[in-house]
Structures are given as structure tokens and as C-alpha cells.
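The residues making up each chain are set out below.
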Amino acid sequence: MAVINIRKAQREGARLVLGLAGISGSGKTRSALELAYGLANFDANKVGFLDTENRRGSLYADVLRNDKGEVQQFWIGDLEPPFSPQRYIDAILEFQAAGVEVLVIDSISHEWEGQGGCEEIAETNKLRGQSNWALAKREHKRFMNALLQSNMHVICCIRAREKIKQQKGSDGKVEIIPLGIM
């Protein structure tokens, strides 16, 4: 029995996994929805939206419109805390089972830093008094693999922050130095 199926290469079945990062209000959600609509050949019934932002995704219910200007409704599901990698994985699989072809996740930032996310997993499962980052990273890798193995295109919104550095100037006063968005 063969381990793999060797065949001539054809351009087919490739699924996009895309991250849109930006500060709050920069247009990530709307851009993700419009991109998803295009990837779904302008069929909103094939677009799903996993909302981790306390139902803020519903504010975009009228964004997708057909060529006549009529609102096209997409599918939406709310993921509430805890934001563990496993709950994200389960939600992705639910959208996939529902027949969604393009999924927008707004936002995946909670999977790392939200309630029940990787940072909390590391802190609440300490080993010898140290944060258990091995466990947290293993769970995060499972989430990343779920994105990569999904049968859907997946567009992830990621919250970026403007970083600054404080340092003493030549006059002894503290200066704020912008480091850009990270």
C-alpha cells in the first residue's frame, strides 16, 4: 500500500491562509470581509465570520453587497472566552462542516493573549514554579496546523500595537521614542 499518491501537478485545491495585522480601526475587518467575498466568487453564503470581539462582527452585516447594491448576508458565529487554541480549532471545524469556503477570524490575537489563551495556559500550568511555555506553544502549534490543514480559505485579523521606548535624553528628561507598529 502506498504512503502517498504521486501524480502530475495541477493547479487545484490550494487554500489561502492570510493574516491582516493593524491597529484598532485600521480597516482589518472590512478588508477581510471584502477579500473573503471575492474569494467566494461573490457568494456570501460561502463566507463565514468567527467573531471573538463581543459581537462586533455584526456591525459589518451590511458590508457585502451584490452588483445591484443589495446586502448579501454572510454566516457569523461568536466565540466567547475562554479563547483556548482548542476552542478556535473546534470553531474552525464547525464552520467547515457548515459548508463555509472562506472563513474570517476576527481576531486571532485572543488565542495568544486573551482569557484562556496561550499566555494563560503557560501561567496556570507551571512546572517547578516556571511558566509552562512548552505546553502553551504545543497548543498554539495545534491551532496553526488547524489553519493550515483547513479545507477553507482562512483570513485572520491580528491586532497590532504601536510600540514606544522611553529613554533619558541628554537633558535628563524622559523622551518617548516611537518604534512603529508591531
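This text follows the structure it describes.
What comes next is a walk through the structure.

Reading guide: rules and limits
Position numbers for residues start from 1 in each chain and track the written sequence from start to end. For a predicted model such as this one, the threshold for reporting local features is a pLDDT of at least 70, and the threshold for listing and counting side-chain atom pairs is 80 or more; totals across whole chains, interfaces and linings nevertheless cover every residue. Side-chain metrics rest on all non-hydrogen atoms present in the structure, leaving aside hydrogens and water. Starting at the N terminus, helices and strands are each numbered in turn, a helix being any DSSP run of H or I of at least four residues and a strand any DSSP run of E of at least two. A radius of gyration in this sense is built from C-alpha atoms; the matching globule rule multiplies 2.2 Å by the number of residues raised to 0.38. Exposed residues in this analysis have more than 50% of their type's maximum accessible area, buried residues have under 20%, and partly exposed residues fall in between, with area computed by a 1.4 Å probe over protein chains only. Contacts: residue pairs with any heavy atoms within 4.5 Å of one another. Areas reported here follow the Shrake-Rupley algorithm with a probe of radius 1.4 Å; residue values treat only the protein chains shown as occluding. Whenever a pair of cysteine sulfur atoms sits within 2.5 Å, that pair is classed as a disulfide. In this scheme, patches are assembled from residues that exceed 30% relative accessible area and form no salt bridge. Like charges are connected within 9 Å, while nonpolar side chains (Val, Leu, Ile, Met, Phe, Trp, Tyr) are connected within 5 Å. Salt bridge criterion: a side-chain nitrogen from Lys or Arg within 4 Å of a carboxyl oxygen from Asp or Glu. Definition used in this section: a nonpolar core is a set of buried Ala, Val, Leu, Ile, Met, Phe, Trp, Tyr and Cys residues joined via side-chain atoms within 4.5 Å. In the cavity and pocket records, a cavity denotes points on a 1 Å grid over the protein atoms alone where a 1.4 Å probe fits but cannot get out, a pocket denotes an open set with protein on both sides within 12 Å along at least 5 of 7 lines, and lining residues are residues with an atom within 4 Å of a point. Grid points are joined across faces, edges and corners, and a volume is the space filled by probe spheres set on the points. Three classes are used, and their members are as follows: Ala, Val, Leu, Ile, Met, Phe, Trp, Tyr, Cys and Pro are nonpolar, Asp, Glu, Lys and Arg are charged, and the others, Gly among them, are polar.

Remarks on the overall build of the protein
Tallying secondary structure elements over the protein gives five helices and seven strands in all. Secondary structure elements in the protein, listed N-terminal to C-terminal, are β-α-β-β-α-β-α-α-α-β-β-β. Its C-alpha atoms give the protein a radius of gyration of 20 Å, more than 25% over the compact-globule value 16 Å for 182 residues. With the C-alpha coordinates of the protein rotated into their principal frame, the extents come out at 65 × 55 × 35 Å. Out of the 182 residues belonging to the protein, those deemed buried represent 35%. Excluding contacts between residues fewer than 6 apart, the proportion of contacts in the protein whose partners are at least 24 apart in sequence is 63%. Of the roughly 11900 Å² of accessible surface on the protein, 50% is carried by carbon and sulfur atoms.

A closer look at the state of the cysteines
All told, the structure shown has zero disulfides when counted by the stated rule. Cys118 takes part in no disulfide bond, and the closest cysteine sulfur, belonging to Cys156, lies 14 Å away. A disulfide-free cysteine, Cys157 has its sulfur positioned 7.8 Å from the sulfur of Cys156, the nearest such atom. The class for Cys157 is buried, based on a relative accessible area of 0%.

Brief notes about a nonpolar patch on the surface
Nonpolar side chains collect at one region of the surface, where Val3, Ile4 and Ile6 lie side by side and expose about 400 Å² of accessible area between them. Among the secondary structure elements, Val3 is positioned in the segment before strand 1 (17-22).

Details of the nonpolar core
Judged by nonpolar contacts, the single largest core of 18 residues is most densely connected at Leu50, Tyr88, Ile92, Leu103, Ile105, Phe143 and Leu147. Sorting the residues of this core by element identifies helix 2 (85-97), strand 4 (102-106), helix 5 (133-149) and strand 5 (153-159) as the ones contributing at least two each. Once residues within four sequence positions are removed from consideration, Ile105 is found in contact with Leu50, Tyr88, Ile92, Leu147, Val154, Ile155, Cys156 and Cys157. The next biggest cluster of nonpolar side chains, apart from the first, holds 15 residues, and it includes Ala32, Ala40, Phe74 and Cys157.

Section: the side chain of His110
Mapped onto the fold, His110 is located in helix 3 (residues 109-113). Residue His110 is classed as buried on the basis of its relative accessible area of 13%. Aside from chain neighbours lying at most four places away, what touches His110 is Thr52, Glu53, Phe83, Tyr88, Gly117 and Arg159.

Thoughts on the layout of surface pockets
By volume, the largest pocket amounts to about 270 Å³. Together, 14 residues line the largest pocket, and Gly25, Lys28, Thr29, Tyr60 and Asp106 are the ones closest to its centre. Along the lines of polarity and charge, the residues of the lining of the largest pocket split into two nonpolar, seven polar and five charged. Volume-wise, the second largest pocket comes out at about 160 Å³. Looking at the second largest pocket, the residues that line it are Leu50, Gly77, Asp78, Leu79, Glu80, Arg87, Asp90, Ala91, Glu94 and Phe95. Within the residue set of the lining of the second largest pocket, elements represented by two or more residues are strand 3 (75-78) and helix 2. It is helix 2 that provides the largest number of residues to the lining of the second largest pocket, a total of five residues.

All quantities given are derived from atomic positions and should not be read as evidence of function.
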